[in-house]
Amino acid sequence: METCVLDDIRDEMSKIISGRRFEHNLGVEREVAALCALYLPKRETEMRLAALLHDITKELSPAEHIALLDKYCVDVPESYKRNPKLFHALTGAYLAREKFGGYIDEKT
């Protein structure tokens, strides 16, 4: 994956999430890049992609999360129902694949 792909994803994410959340994701991406330089240089681009996408659904309401989980036919674990802030861990993975599937391989 080339740097221009990361640029494209940054551009798209800036349209999907709020400015504050986007800045957070950019900070996570910078930290991931630094850690990858030390420990996982061959996976840096892949890890930076994960950093950029990790909060793709963080700002959705519980109802929006439930709608996405229904759309993707995902059974919601009881622990998630008790703590809706966890929903973004499930919905984010599905929405990221839907929107950016061409950049994400099945192992990611």
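Residues numbered from 1 in each chain as written. Predicted model: local features only at pLDDT ≥ 70, side-chain atom pairs only at ≥ 80, totals over all residues. Heavy atoms only, no water.

(A) Examining unusual backbone geometry more closely. Located in the positive-phi region is Cys73, a residue other than glycine, with phi close to 55°. In this structure, Cys73 sits in the loop between helix H4 (62–71) and helix H5 (78–82). Classification of Cys73 as exposed rests on a relative accessible area of 68%. (Helix = DSSP H or I, 4+ residues; strand = E, 2+ residues; numbered from the N terminus. Buried < 20%, exposed > 50% of the residue type's maximum accessible area, 1.4 Å probe, protein only.)

(B) Structural context of the nonpolar core. Among the nonpolar cores identified, the biggest contains 22 residues, and Ile9, Met13, Leu53, Leu69 and Phe100 are the most heavily contacted of them. Taken together, the elements giving at least two residues each to this core come down to helix H1 (3–16), helix H2 (19–39), helix H3 (44–53), H4 and helix H6 (87–100). The element that contributes the greatest number of residues to this core is H6, accounting for five residues. Sequence-distant contacts of Leu69, defined by excluding residues within four places in its chain, comprise Val74, Val76, Phe87, Leu90 and Thr91. (Core = buried A, V, L, I, M, F, W, Y, C linked by side-chain atoms within 4.5 Å. Contact = heavy atoms within 4.5 Å.)

(C) Structural detail: the state of the cysteines. All chains considered together, the criterion is met by zero disulfides. Cys4 forms no disulfide, and the closest cysteine sulfur to it belongs to Cys36, at a distance of 19 Å. (Disulfide = S-S within 2.5 Å.)

(D) Quick look at the packing of aromatic side chains. Going through the model one piece at a time under the given rule, you end up with one aromatic pair. Geometrically, the ring pair formed by Tyr72 and Tyr94 is stacked, given 5.1 Å between the ring centres and 20° between the ring planes. Of the two residues, Tyr72 sits in the loop between H4 and H5 while Tyr94 sits in helix H6, which places them 22 residues apart along the sequence. Residue Tyr72 is classed as buried on the basis of its relative accessible area of 17%. Owing to a relative accessible area of 37%, Tyr94 belongs among the partly exposed residues under this scheme. (Phe/Tyr/Trp six-rings, centres within 6.5 Å; stacked < 30°, edge-to-face > 60°.)

(E) Representation of the environment of Met13 in the model. By secondary structure assignment, the location of Met13 is in helix H1. Met13 sits 42 residues away from Asp55 along the chain, and the two C-alpha atoms are 9.5 Å apart. When near neighbours in sequence (up to four residues on either side) are disregarded, Met13 contacts Phe22, Asn25, Leu52, Leu53, Ile56 and Phe100.

(F) Up close: the confidence of the model for the chain. Per-residue pLDDT for the chain averages 91, and the proportion of residues at 70 or more is 94%. H5 is the least confidently modelled element of the chain, averaging 87 in pLDDT, while H2 averages 97, the highest of any element. (pLDDT = per-residue confidence, 0-100.)

(G) Representation of the packing of H1 against H3. Between H1 and H3, the least distance of the axes is 10 Å, while the angle of their chain directions is 5°. Of the possible angle classes, the one that applies to H1 and H3 is roughly parallel. Of the residues in H3, those in contact with Leu6, Ile9, Arg10 and Met13 of H1 are Thr45, Arg48, Leu49, Leu52 and Leu53. For the contact of H1 with H3, the per-class residue count stands at six nonpolar, one polar and two charged. (Axes fitted to C-alpha atoms, helices over the stretch in contact; angles between N-to-C directions. Parallel < 35°, antiparallel > 145°, perpendicular 65-115°, else oblique. Nonpolar A, V, L, I, M, F, W, Y, C, P; charged D, E, K, R; others polar.)

(H) Seen up close, the pattern of salt bridges. Tallied over the entire structure, the rule returns 10 salt bridges. Residue Arg48 pairs with Glu29 through a salt bridge whose shortest N-O separation is 3.0 Å. Of this pair, Arg48 sits in helix H3 while Glu29 sits in helix H2, and the two are 19 residues apart along the sequence. Residues Arg43 and Glu46 are paired through a salt bridge, measuring 2.7 Å at the closest nitrogen-oxygen approach. With a relative accessible area of 40%, Arg43 lands in the partly exposed category. (Salt bridge = Lys/Arg side-chain N within 4 Å of Asp/Glu carboxyl O.)

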